[in-house]
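Survey of secondary and tertiary structure
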Amino acid sequence: MNPTLAAADALQDDLRDLRRALHAEPELGLHLPATQGKVLDSLAGLPLEITTGHALSSVTAVLHGGTPGPTVLLRADMDALPLDEHTGAEFRSRRTGVMHACGHDLHTAMLVGAARLLSGRGDLPGSVVFMFQPGEEGYAGARMMIDEGVLEATWQKPVAAYALHVSSSLLPSGIVLCKGGPIMAAADTVTVTVRGKGGHSSMPHTTRDPIPAACEMVTALQTFVTRSFDVFDPVVLTVGSFHSGDAPNVIPHDAMFTATVRSFSPESQRKVQAGLRRVVEGVAAAHDVSVDVDYRVDYPVTVNDHGEAAFLGGAVRDLLGAHRYVEAPQPVSASEDFSFVLADVPGAMAMLGACPPDRDPLTAAGNHSAEAEFDDSVLAAGSALYAELALRRLTRG
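Let me begin by describing the structure that accompanies this report. Fair warning: this is a prediction, and the values are worked out from it, not measured in the lab.

Looking at the packing of aromatic side chains
Evaluated as defined, the whole model comprises four aromatic pairs. Ring geometry for Phe224 and Phe229: centres 5.6 Å apart, planes at 75 degrees, overall edge-to-face. The exposure class assigned to Phe224 is buried, which follows from its relative accessible area of 7%. When the centroid spacing of 5.8 Å and the interplanar angle of 85 degrees are considered together, the rings of Tyr299 and Phe340 count as edge-to-face. Taken together, the positions of Tyr299 in strand S12 (residues 290-299) and Phe340 in helix H8 (residues 338-342) put the pair 41 residues apart, joining distant regions of the chain. The ring of Phe229 has Lys271 lying over it, and the distance from NZ or CZ to the ring centre is 4.9 Å. Across from the ring centre of Phe311, 5.1 Å away, lies the NZ or CZ of Arg396, which sits over that ring.

What follows is the structure, given as structure tokens:
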């Protein structure tokens, strides 16, 4: 057995306990004091230079090797989601309306494991930055950590950056999925407000009804994305909320809907923003109503460096076995703010299957589900992979 993997296996029970403690006490957004405290306690006694964030409760831990050399960054996100947990897990969330439904508790435990594994290596030729990040779920915490200097933590920019993301479905437990190029989509958020003229429902001719106009906009936008973009560079637009009116016999003044937009290239991300405005403004003009569009660009496309993705695949094959690595046939349509790191540093993000072994990956509850459950037996393998990537990349220089 690879010595890194053997050492990680010896940590499995401790990592499982940490993961379950994090899972039972999840926190949202940028300020995670309890989570930060558990991470700091788990790193105590290791030869690390540790700093915490100012605008967010991040932890940056730097390990300096025995000889000078380059820097490699390893990242884990720590925040949870605003969901009531509907699993029967003994260690399920004790906080109403908050759940680790995306596996960030596993990511955090795995990175702690990697820090322990690498801290015992006196022959490390360079430095490793362990980036424990809050606010991945919509708060752009990675960008904030970059602004606070995580990429200059060793006074030199990392030569490579890596992140793992677990999946409660789709992949069998322990399988690693990666590819070069775009691996996850860009994410934008849109709020469209249609303003008309309200009145009595029995006399719609005296009003300018915003509801039919807004409904037509939703339908027109679905046609827009299927007829304006190459199927091999797609855009996904989903309207997730629609609100208007309070009574059945009143035509309201306003209607509002919100949508998320996913795209896989900067060109498509720019094109959909301009085209969406054109579509809703045209429909509004046809209905003699006005429309306001708040288009927020959230996360860019997550783009893996081709060389670093191939390097990661080789590490997986050597460490875990050739059968444990799968080349992704296409990107994943979810989004990630590790994209901000990869925009500055060559690196790779990979998916790690964590579907419980008694479930079918094709039907198991997926990430962001209130019923999502993760196989924490993958913690040792994830920690070993993080550590092995840093060791190999530093040795390569």
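Some details on helix H1 (residues 3-24)
Here H1 spans 32 Å end to end across 22 residues, near enough to the 32 Å set by a 1.5 Å rise per residue. Remark: the principal bend of H1, roughly 50 degrees, maps to Leu11. Among all positions in H1, only Thr4, Leu5, Ala8, Leu11, Gln12, Leu15, Leu18, Arg19, Leu22, His23 and Ala24 are buried. Of the surrounding secondary structure, the elements contacted by the buried residues of H1 are helix H2 (33-43), helix H3 (104-119), helix H7 (306-320) and helix H9 (379-396). The backbone nitrogen of Thr4 has a side-chain oxygen 2.7 Å away, supplied by the residue at the start of H1, namely Asn2.

Focus on the sheet that holds strand S3 (residues 67-77)
One key point about sheets: their strands pair by backbone hydrogen bonds, in either a parallel or an antiparallel sense. Spatially, the eight strands line up as an open sheet ordered S1-S2-S4-S3-S5-S16-S6-S14, and their pairing is mixed. In the strand order of this sheet, the two ends are held by strand S1 (49-52) and strand S14 (325-327), each with one partner. Ignoring which end each strand starts from, the neighbouring axes of this sheet average 20 degrees apart. Pairing analysis gives eight bridges linking S3 to strand S4 (residues 125-133), with the strands arranged parallel. By the bridge assignment for S4, Leu74 is matched with Phe130.

A few points about the pattern of salt bridges
Scanning all chains against the criterion turns up 22 salt bridges. Among the ionic pairs, Lys38 bridges to Glu25, the shortest N-O distance being 2.5 Å. Within this pair, whereas Lys38 is found in helix H2, its partner Glu25 is found in the loop between H1 and H2, the two being separated by 13 residues in sequence. Of the charged contacts in the structure, one is a salt bridge between Arg121 and Asp123, with a shortest N-O distance of 3.2 Å. Put simply, Arg19, Arg20, Asp105 and Asp376 are held in one network by salt bridges that share partners.

Digging into the nonpolar core
The tendency in soluble globular proteins is for nonpolar side chains to be buried side by side. Among the nonpolar cores identified, the biggest contains 62 residues, and Leu74, Leu118, Phe130 and Leu312 are the most heavily contacted of them. Element by element, the count of residues in this core is highest for H9, at eleven residues. When near neighbours in sequence (up to four residues on either side) are disregarded, Leu312 contacts Tyr162, Val176, Cys178, Tyr325, Ala348, Ala350 and Leu389. Core analysis: the second largest hydrophobic core is formed by 29 residues, Ala142, Ala161, Val345 and Met351 among them.

Conventions we followed
Residues numbered from 1 in each chain as written. Predicted model: local features only at pLDDT ≥ 70, side-chain atom pairs only at ≥ 80, totals over all residues. Heavy atoms only, no water. Phe/Tyr/Trp six-rings, centres within 6.5 Å; stacked < 30°, edge-to-face > 60°. Buried < 20%, exposed > 50% of the residue type's maximum accessible area, 1.4 Å probe, protein only. Helix = DSSP H or I, 4+ residues; strand = E, 2+ residues; numbered from the N terminus. Lys NZ or Arg CZ within 6 Å of the ring centre and 35° of its normal. Expected span 1.5 Å × (residues − 1). Bend = angle between axes of the 7 residues up to and from the residue. Contact = heavy atoms within 4.5 Å. Polar contact = N/O pair within 3.5 Å; in protein donor to acceptor, adjacent residues only side chain to side chain. Pairing = 2+ DSSP bridges. Axes fitted to C-alpha atoms, helices over the stretch in contact; angles between N-to-C directions. Salt bridge = Lys/Arg side-chain N within 4 Å of Asp/Glu carboxyl O. Core = buried A, V, L, I, M, F, W, Y, C linked by side-chain atoms within 4.5 Å.

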